[in-house]
Amino acid sequence: MSSTVPDVAVIGLGRIGLPLALSFADRGLNVIGVDNDSGRLGAIATGRMPFKETGADELIERVHASGRLTTTASVTDAAAANAIVLTLGTPSLSHIEIDMSDIRAVLDDLLPLLRAGQTIVLRSTIAPGTTEFVAGYLERKRGLRAGEDVFVAHAPERIAAGRFLEEIDTLPCIIGGVGEESGARTASLFEVFDAEIVQTTPVQAELAKIWANIMRYTTFALPNLLMMDCEQYGANVFDVIDLVNKDYPRGGLAQPGFTAGTCLRKDFAFSEERSNAPGMLLAVSRVNESVPNFLVTGLKRRIAGGTLRDRKVAVLGLAFKRDTDDERDSLAHKLVRLLERELADVAVHDPLVASPTQPLEEALRDADVVVVAANHSIFSTPATAQAIAALAADGALVVDPWNCLGSGQVFAFADELAPLSGTESPQS
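Residues numbered from 1 in each chain as written. Predicted model: local features only at pLDDT ≥ 70, side-chain atom pairs only at ≥ 80, totals over all residues. Heavy atoms only, no water.

Examining a nonpolar patch on the surface
Phase 1: Taken together, Val203, Leu207 and Trp211 make up a surface patch of nonpolar side chains, about 250 Å² in accessible area.
Phase 2: Within the secondary structure, valine 203 is located in helix α8 (residues 202-233). (Patch = residues over 30% accessible without salt bridge, like charges linked within 9 Å, V, L, I, M, F, W, Y side chains within 5 Å. Areas by Shrake-Rupley, 256 points an atom, 1.4 Å probe, with all protein chains shown as cover. Salt bridge = Lys/Arg side-chain N within 4 Å of Asp/Glu carboxyl O. Helix = DSSP H or I, 4+ residues; strand = E, 2+ residues; numbered from the N terminus.)

This is how it looks when you write it as structure tokens:
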């Protein structure tokens, strides 16, 4: 380790932590990055991004040349820094409870080495009360009082994948400090960015983050439920959404699609575990989680013979979100598993993800069914519609809940795409 006291340590160099660590270093801070993934550390050490993030390839090259980011697999090395930022996974346990095991393990590693005057920032999404728990844990185990001896705050990450370098300087930075001085010291750390600093209490910062995600999760569940209702009543979901929204000041209904990802799919549980309306958000989750099964059931009703056994099904897209390589908690994987349980011959294509998939032409060739499972921009081009029309089997069924291909139907047939293939189809 360098003899210079590092300004900040970032523990967890995933899709939240690594862009933050690089951005701190790019703004002139000396940074320690901690992660237990040797492959990730190896990529960073050579100046390569281990995943896709817009503009990050150039950023990591600058930081690598500057020497202001040191990486390590040892959590205890983070104790040398003046500020420690935790960007750790906080999954939900199956019985609706936050899993704090990673946070507690890191705190236990750091406890013997913490010193007075250090700042500890929780950047991960956490359940209400977690910041105060951390403050109490430090006092109980080491006698370090938050706001006096050490400084503890929650500064939630609210940046969308692919937009980090833009939004780190534009989205208001919420800081919930345990005591006024904790908030002030955390603000001084994040003031290297251009974003407005908004001070609040720890629990309000926690609630603001999880409810921003809950709002999106619920908003996207509504058109998914409408899609299912339209199937029941023989209506067209895209036509109904147009009727709701067209020139109506209280419209704004979103489009259907797969709603998942590592944040949206779990963060509702952080409210649900102590909810005053138990089951409400579980119902929202059930709607979104049922979309893959709804699509499989719908395509079985439309395919000749009503069975997928030995039928080739091409699945386009594995990522959970448009134009990203992030597959974490993607419902596309659930769709693939459901199709395999029907004894279908599943072929998958995604040009962005790290998982090995087939080329588009190979996946589509002689496919009896094509399912658009991710709304990547490339799938909304005439070339994709042309490839489906040319390569899929005669009479192939096309399932497109995003309306990427512009047919205006969740369930269509390949020959219906042919007239659309000469023009750019609408973006969803």
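With respect to the confidence of the model for the chain
A low pLDDT score tells you not to read the predicted coordinates there in detail.
Phase 1: For the chain, the average pLDDT comes to 93, and 97% of its residues sit at 70 or higher.
Phase 2: Under a pLDDT of 50 for its full length, residues 423-428 has, in the predicted model, 19 contacts with residues more than four places off or in other chains. (pLDDT = per-residue confidence, 0-100. Contact = heavy atoms within 4.5 Å.)

Here we look at the environment of glutamate 340
Phase 1: For glutamate 340, the location among the structural elements is in helix α14 (residues 331-341).
Phase 2: When the C-alpha atoms of glutamate 340 and methionine 49 are compared, they prove to be 33 Å apart, with 291 residues separating the residues in sequence.

Re the sheet that holds strand β10 (residues 197-200)
Phase 1: Overall, mixed pairing links the eight strands, which are arranged β3-β2-β1-β4-β7-β8-β9-β10 in an open sheet. The open sheet terminates on both sides in strands that have one partner only, identified here as β3 (69-72) and β10. This sheet shows a mean twist of 25 degrees between the axes of neighbouring strands, independent of strand direction.
Phase 2: Pairing between strand β1 (residues 8-11) and strand β2 (residues 31-34): four bridges, direction parallel. When the bridges of β2 are listed, valine 10 appears paired with glycine 33. (Pairing = 2+ DSSP bridges. Axes fitted to C-alpha atoms, helices over the stretch in contact; angles between N-to-C directions.)

Comments concerning the sheet that holds strand β12 (residues 345-349)
Phase 1: Ordered by their spatial adjacency, five strands build an open sheet running β12-β11-β13-β14-β15, and the pairing between neighbours is mixed. Looking at strand neighbours, the two that pair on one side only are β12 and β15 (411-413), the edges of this open sheet. Between one strand axis and the next, the sheet turns by 20 degrees as a mean value, whatever way the strands run.
Phase 2: Summarising the sheet, strand β11 (residues 312-316) and β12 pair through five bridges and their orientation is parallel.

Details of helix α2 (residues 38-45)
An α-helix turns once per 3.6 residues; consequently, residues spaced three or four apart project the same way.
Phase 1: Turning to α2, its buried residues are Leu41, Ala43 and Ile44. The buried residues of α2 occupy one face: seen down the axis, they fall within an arc of 160 degrees.
Phase 2: Lining the buried residues of α2 we find α1 (17-26), α3 (56-66) and β3.
Phase 3: Its side-chain oxygen placed 3.0 Å from the backbone nitrogen of glycine 39, aspartate 37 serves as the N-cap of α2.
Phase 4: A positive backbone phi angle near 80 degrees is found at glycine 47, which sits one or two residues after α2. (Buried < 20%, exposed > 50% of the residue type's maximum accessible area, 1.4 Å probe, protein only. Arc of directions from axis to C-beta. Polar contact = N/O pair within 3.5 Å; in protein donor to acceptor, adjacent residues only side chain to side chain.)

Section: the packing of α8 against helix α9 (residues 237-245)
Phase 1: At a closest axis distance of 9 Å, the pairing of α8 and α9 adopts a crossing angle of 125 degrees. Classed by the angle they form, the pair α8 and α9 counts as oblique. In the packing of α8 onto α9, the handedness of the crossing is right-handed. Together, Pro223, Leu226, Met227 and Cys230 of α8 and Val237, Val240 and Ile241 of α9 make up the contact between the two elements.
Phase 2: Looking at the contact of α8 with α9 residue by residue, the class counts come to seven nonpolar, no polar and no charged. (Parallel < 35°, antiparallel > 145°, perpendicular 65-115°, else oblique. Left-handed = near helix turned anticlockwise from the far one by under 90°. Nonpolar A, V, L, I, M, F, W, Y, C, P; charged D, E, K, R; others polar.)

Observations regarding the pairing of β12
Phase 1: β12 sits mainly inside the fold: four of its five residues count as buried.
Phase 2: Handedness of the β11-α14-β12 crossover: right-handed. (Right-handed = clockwise from strand over helix to strand, strands pointing away.)

Quick notes on the nonpolar core
Phase 1: Grouped together as the largest cluster of nonpolar side chains are 64 residues, with contacts concentrated most on Leu308, Val315, Leu339, Val369, Val370 and Ile388.
Phase 2: For this core, the leading source of residues is α8, giving seven residues.
Phase 3: Excluding its chain neighbours within four sequence positions, the residues that come into contact with valine 370 are Ala314, Leu316, Leu364, Ile388, Ala392, Leu397, Val398 and Val399. (Core = buried A, V, L, I, M, F, W, Y, C linked by side-chain atoms within 4.5 Å.)

A look at the packing of aromatic side chains
Any pair of aromatic rings gets described here by the distance separating the centres and the angle formed by the planes.
Phase 1: Tallying each qualifying case throughout the model produces six aromatic pairs.
Phase 2: Members of the aromatic cluster, joined through ring pairs, are Phe24, Phe190 and Phe193.
Phase 3: Arginine 302 extends its terminal NZ or CZ atom over the ring of phenylalanine 411, reaching a point 4.0 Å from the ring centre. (Phe/Tyr/Trp six-rings, centres within 6.5 Å; stacked < 30°, edge-to-face > 60°. Lys NZ or Arg CZ within 6 Å of the ring centre and 35° of its normal.)

Remarks on the pattern of salt bridges
Phase 1: Summed over the entire model, instances satisfying the criterion amount to 18 salt bridges.
Phase 2: The salt bridge partner of arginine 40 is aspartate 35, with a shortest N-O separation of 3.1 Å.
Phase 3: By sharing partners, the salt bridges in this structure join Arg15, Asp325, Asp326 and Arg328 into a single network.

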